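# Fold and geometry: a report
One letter stands for each residue in the lines below.
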Amino acid sequence: MRVLVFALTVALAVPEFAAGKTYVYKYEGRILGGLPQEGLGMAGIKVSCKALIRAEAQNTYLLKLADPKIYEYAGICPKDQFTPASKLTAALNAQLATPIRFEYANGAVGKVFAPARVSATVLNLHRGILNILQLNLKNTQNVYEMQETGAHGVCKTHYIISEDAKTRQIAVTKSKDLTNCYKRVVKDVGLAYAEKCAECQQRLQSLTGTATYSYRLKPGDAGAQVSEATAEELHQFSLFNTMTGAAQMRANQTLTLVEVQGTPIAPASGDYAARGSLKYEFGAETLQTPIQLLKITNAQAQTAEVLQHLAANNVDMVHEDAPLKYLQLVQLLRAATFENIEAIWNQHKTKPLHRRWILDAAPLVGTPAALRFIKEKFQADEFSTSEFTRALLLGLHLATADPEAIQQAASLAFSPKTRAMPALREVMMLGYGSMVAKYCAEVPTCSADHLKPVHDNAAEAIAKGEISEISLALKVLGNAGHPASLKPIMKLLPGFGSAAAAMPTRVHVDAILALRNIAKKEPKLVQPVALQLFMDKNLHPEARMVACIVLFETKPSAALMSTIAGAIEKEPSKEVASFAYSYIKSLTRSTAPDLMNVAAAANVAVRILTPIMTGAAGTAFIINDAATIVPRAVVAKARAYLAGAAADVVEIGVRTEGLQEALRGTPAADENADRFAKIKHTLKALMNWKAIPASEPLGSVYIKAFGQEIAFANIDKTYIDNAIEQAAKPRARELLKEAVKALQTGIAFQYAKPVLVAEVRRILPTTVGVPIELGVYSAAVAAAAVNAKAAITPPFPENPETSILDQLRKTDFQVQAEARTSVTMQNFAVIGVNTALIQAAVMARGKFHAVAPVKVAARADFARRSFKVEILPAANPDHVAAASFETVAVARNIEDQPAERVASLAPAAPSDAQTWIPASIQKSLCGADPYFHIKGCIDVSSRNAGFKGYNPLYYIVGQHSARISVGRGDTAAFERLEIEAHIGPQAAQKLVKQINSAETGTQEESIILLKLRKYLEAGLKNSNSSASSSSRSSNSSASSSMSASSSQSSSSTRSSQVTRRNVYHPPAAKLLGDSIAPAFAIIARAVRGDRKQGYQLAAYLDKPNSRAQFVLSSTANDEKWNLCADGVLPSRHKASARVGWGSECQDSSATIKAETGLHESNPAVRFELDWDKAPRLVTLKVQNHKYHVRAENKANSIGIIIALPTKRSADVIVKAPRVKNSFFLKLYIM
């Protein structure tokens, strides 16, 4: 009975507004954002008014806002108060006071109607009130779940209904998980190519949203009155896994019934147009960045003003606020029409500085007007090829994708002018496919007709057998990733289409790779196709390995993974089995959230395969060939995750399919040859590249960004011939001649380059009716100013008989240059309210500015092979580098921009605050170089909120800055830094100080060593083998030989080994400078008013004895410290080098030896490092892991042997000092 009474009560509690009555509610909605801890800075807005609701007809009602007021907030919460935005309220009062019409039946809001003069921003505020009235009550249940339409989309909603027995009122509570919505209202910018990752969101919870509503309903005869309603919505974004580490936006609403009147509401004059439903309507949010609020009244004039500022203030040195101005230019161009952009271009296209800024900004605008501008100016030949290529490469990928933009991209890609430029056409076609992919990501039901030109082009190319056109079409379809392209792609897959039989392997591979993006959208469609290709043992191994990659893109289940493992066990192709196992093994180690289930399935497969093979793989795929040593393909990629999305940020691939075929007919493909022989034969074949047929490409390379192929190149014999021909053309020599002449006259060069590093935005609606945005922006501008002038003796003749290079070899070339390079970078991270009318956000902004002035005088006497460079003091700015970071709360509105409110998130720390990092730091550290007398200072300032609690974010918020300054000291000034290089006979004369050694042995000993060396060299020439060294094997006490040749090995006594070591490594004090002149000398000196000081490096070459030596010493006569590096090559299989330093290079020394040969009959290389006395700063620590017991190793020696027992594995044996163990490691190369 009680249940029946409750059901009847609820049935009568359906919200209704009686005809002939006006219901007056008091309404307040507010949003505050910041960190959750009280006492920190926050930003927000508040809207208050009276909401009047009156029935106009059956199920049709009017809503009018009376006495509306808008407030803004930026301050310390809860100490500071909201401030009225009076000017903004007055400007919007007419729109706010205009009644709107809405449908309402059984507690559900239907369509919304409003006059055209009511903007989307104001209408969304009305939707915020109507969203509270959305109540779907069931009279048979008091606890239930349903999918409910609201401002955020169709979201899962949980209802709880109860009755207050005393007041007879109905209490309703409903809650929504805003991350679990169907057709969620959200707009992303900069994430068009990202994949949605539900597992990432569930695991990381970096961005969450919830909403809770509470109602008090008073039942009546015809329905119920909503007497009171409250709503609370919370959005959190967290970078750290801490209890209170999330930045949040909290929205609150209250709606309280004040009275019921009989006064009617008059509708507004004019027509009421349908304006959608309760769902939030996006307006101009994407045109307004949250980092600055622009009031655009005349886009063309304002753009010209900003353009002039950028061109005038970034010439000699980049302006500190140039990145922000550059973002402002982009924002203004986004609001401009095509006619505005064209007028700006016509006004400034003849001004080089202004022209460059326009061309750097236009591709980032991303509007159809900007894309049309790029297209039409290219067709009118107003862009150079390089200008158009740069603009198009960015423009197609950053443009807002819609049918109009797709049509423009298609007409551009298939125009006759584009077809005449093959390389440019490829970029356009790839961008066209990417634009379709972006549009279909926004509109999942997008038509396949957008790709009809590509489908038709592919069919025509197949009919004509045009391989290059087929490959290009496949790449375009791969970028688009539309499921409708599966059918035309399958025509080129072996076993699926009749046309595939006539196609080469590289077309099969392109067709399989074109399935990757389709596999991410429709894995069930692609999975059986990829599996069949992988299982087909008649296919080329490369095609099967690529099919394996596509198969794992579909995220196979554990059952399918077990099937794959079973097939690998019986796989006859070692290359395919090794690659597949390596890929599966890499998946088992994956910690990526979106691959959790795949990793678990891969573990099942690995347990099946572990008894038969081992291997490893990472983020790179290497597809090897059984016949040659050169891989058939190498693919490397990097993946990133952000805010519940995942993306392959960059992928680079290289294929050598044509080169493989060319090598098959040479000794390089001899399967019986060892690895060294294959390398030798391969290098010989590559040197003879002119004999390779020109019909097939030798290889190809491609690059992808965010899963989209943006460029590729096919390299063939013709391509190489053309490159060599271009390099050898007279034009290249003419350019060099013109450059030399320009230097003689003097050049002044200024260049500035802006870069938009990142623009990633997520815009979400709130229950209040205003949007919140989570955004990251990063922009940089680099500038360089160069002035240079050269003097050439003798001067060049006007019409030289010889080439310009021959003329340069006979001249004394002097040049003086001064350059100033500077860079500024600004970064912004924002969370808060962003509309075209008002902004209230919490913002972290960082800035970096650096200046590097350089003044150089250089001289090159080519005839005497003498070169000198002088680095001279340059005018320094106040600070050569400065960095700052601050977190602030900002509130501003379009009608009163001078009244912008900015408050730091970190308040002043109380006097008794205790924290492990001081809440405020002011430090200045200075130092001076004792010789150069250059003074440097670093000033550090920091203020944080660490006193609020132990949270990493509290130490980040606040203001932090650092500045570095460099200047001259107070005493003798630094004049210049000299660097000289002399080659040949002149080198000995230019040495500042001669270095001679004191002989450590007698003349008789030197003669004996020389004779012994000659004797041993003669023996090496007459023998097929050389001396061996012994080492213990990994699990045996027997000796194994390390031969110096690949044939036989012979042993020698320890005395002969010692003698030979002395021959290969002459006595430490013996310097080649005693007997031969240096091959070249380098002298570096610092010059100041009272003295010079520096170092000299002399190089000696003893060709008869295959020996080279380098000696570094101070130019000061009283300085005895030297560094000597000595290298000798006693045979083809041995090499050694010795480094000594200290007084006459005698204090400490180290020797490294390397030799090739055999280890247990396997090709190997051995390295040994010996030292007699290590510097104090060097400490060696070895952990005693007992892998293989052996005699204790030498105290001052480390030995490494790397052997290749098979083509796919390597053994590494390490001998450490003072340890009775050898360390053994086995590596497998897949």
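Residues numbered from 1 in each chain as written. Predicted model: local features only at pLDDT ≥ 70, side-chain atom pairs only at ≥ 80, totals over all residues. Heavy atoms only, no water.

Identification of the chain as Vitellogenin domain-containing protein from Pygocentrus nattereri is taken from an unreviewed UniProt entry.

Another point: the packing of helix 17 (residues 505-513) against helix 20 (residues 541-553). Two numbers describe how helix 17 lies on helix 20: the axes approach to 9 Å, and their chain directions differ by 5°. Of the possible angle classes, the one that applies to helix 17 and helix 20 is roughly parallel. Here Thr505, Val509, Ile512 and Leu513 of helix 17 lie close against helix 20, whose contacting residues are Glu542, Ala543, Val546, Ala547 and Val550. Of the residues that constitute the contact of helix 17 with helix 20, the class distribution is seven nonpolar, one polar and one charged. (Axes fitted to C-alpha atoms, helices over the stretch in contact; angles between N-to-C directions. Helix = DSSP H or I, 4+ residues; strand = E, 2+ residues; numbered from the N terminus. Parallel < 35°, antiparallel > 145°, perpendicular 65-115°, else oblique. Contact = heavy atoms within 4.5 Å. Nonpolar A, V, L, I, M, F, W, Y, C, P; charged D, E, K, R; others polar.)

Right, let's get into the environment of Ala889. Its location among the elements puts Ala889 in strand 26 (residues 881-893). Taking the relative accessible area as the measure of exposure, Ala889 reaches 0% and is therefore buried. Distance in space between the C-alpha atoms of Ala889 and Arg901 is 8.0 Å, their sequence separation being 12 residues. Every residue in contact with Ala889, bar those within four places of it in the chain, is listed here: Gly41, Met42, Ala43, Ala74, Ala841, Val842, Arg901, Val902, Ala903 and Leu905. (Buried < 20%, exposed > 50% of the residue type's maximum accessible area, 1.4 Å probe, protein only.)

Attention now goes to helix 22 (residues 574-588). With 15 residues, helix 22 ought to run about 21 Å at 1.5 Å a step, and its terminal C-alpha atoms sit 21 Å apart, in line with that. Of all 15 residues in helix 22, 13 are buried; the element is thus mostly enclosed. Structurally, the start of helix 22 carries an N-cap: the backbone nitrogen of Val576 is 3.3 Å from a side-chain oxygen of Ser573. (Expected span 1.5 Å × (residues − 1). Polar contact = N/O pair within 3.5 Å; in protein donor to acceptor, adjacent residues only side chain to side chain.)

A few words on the packing of aromatic side chains. Aromatic ring pairs: the centre-centre distance and the angle between the two ring planes describe each pair. Evaluated as defined, the whole model comprises 17 aromatic pairs. Both rings, one in Trp345 and one in Phe373, keep their centres 5.7 Å apart while their planes meet at 75°; by these two values the pair is edge-to-face. Of this pair, Trp345 sits in helix 7 (residues 338-348) while Phe373 sits in helix 9 (residues 368-379), and the two are 28 residues apart along the sequence. Just as Trp345 is buried, Phe373 falls in that class too. By way of ring pairs, the aromatic residues Phe17, Tyr23, Tyr61, Phe102 and Tyr104 are connected into one cluster. (Phe/Tyr/Trp six-rings, centres within 6.5 Å; stacked < 30°, edge-to-face > 60°.)

As a further point, take the pairing of strand 23 (residues 812-834). Sheet topology places strand 22 (residues 771-793) next to strand 23; 22 bridges connect them, and they run antiparallel. Within the sheet, the bridge partner assigned to Tyr777 lies in strand 23 and is Phe828. Alignment of strand 23 against strand 24 (residues 838-861), held across 23 bridges, turns out to be antiparallel. Within strand 24, the position partnered with Arg820 by the bridge is Pro853. (Pairing = 2+ DSSP bridges.)

A separate point is the confidence of the model for the chain. Overall, the prediction assigns the chain a mean pLDDT of 79, with 76% of residues at 70 or greater. A low-confidence stretch, residues 998-1069 (pLDDT under 50), is modelled with 100 contacts involving residues beyond four sequence positions or located in other chains. (pLDDT = per-residue confidence, 0-100.)

Bringing the state of the cysteines into the picture now. Inspection of the entire model under this criterion finds three disulfides. Sulfur-sulfur distance for the disulfide between Cys155 and Cys181 comes to 2.0 Å. Residues Cys155 and Cys181 are joined by a disulfide whose S-S torsion is about 100°; by sign, that bridge is right-handed. With a gap of 26 residues between them, Cys155 in strand 8 (residues 153-163) and Cys181 in strand 9 (residues 170-182) connect regions that are remote in the sequence. (Disulfide = S-S within 2.5 Å.)

A few words on a nonpolar patch on the surface. On the surface, Val634, Val649, Val650, Ile652, Val654, Val701, Ile703, Phe706 and Ile715 cluster together into a nonpolar patch covering about 580 Å² of accessible area. Ranked by residues supplied to the nonpolar patch, first place goes to strand 18 (residues 645-655) with four residues. Along the chain, the position of Val649 falls in strand 18. (Patch = residues over 30% accessible without salt bridge, like charges linked within 9 Å, V, L, I, M, F, W, Y side chains within 5 Å. Areas by Shrake-Rupley, 256 points an atom, 1.4 Å probe, with all protein chains shown as cover. Salt bridge = Lys/Arg side-chain N within 4 Å of Asp/Glu carboxyl O.)

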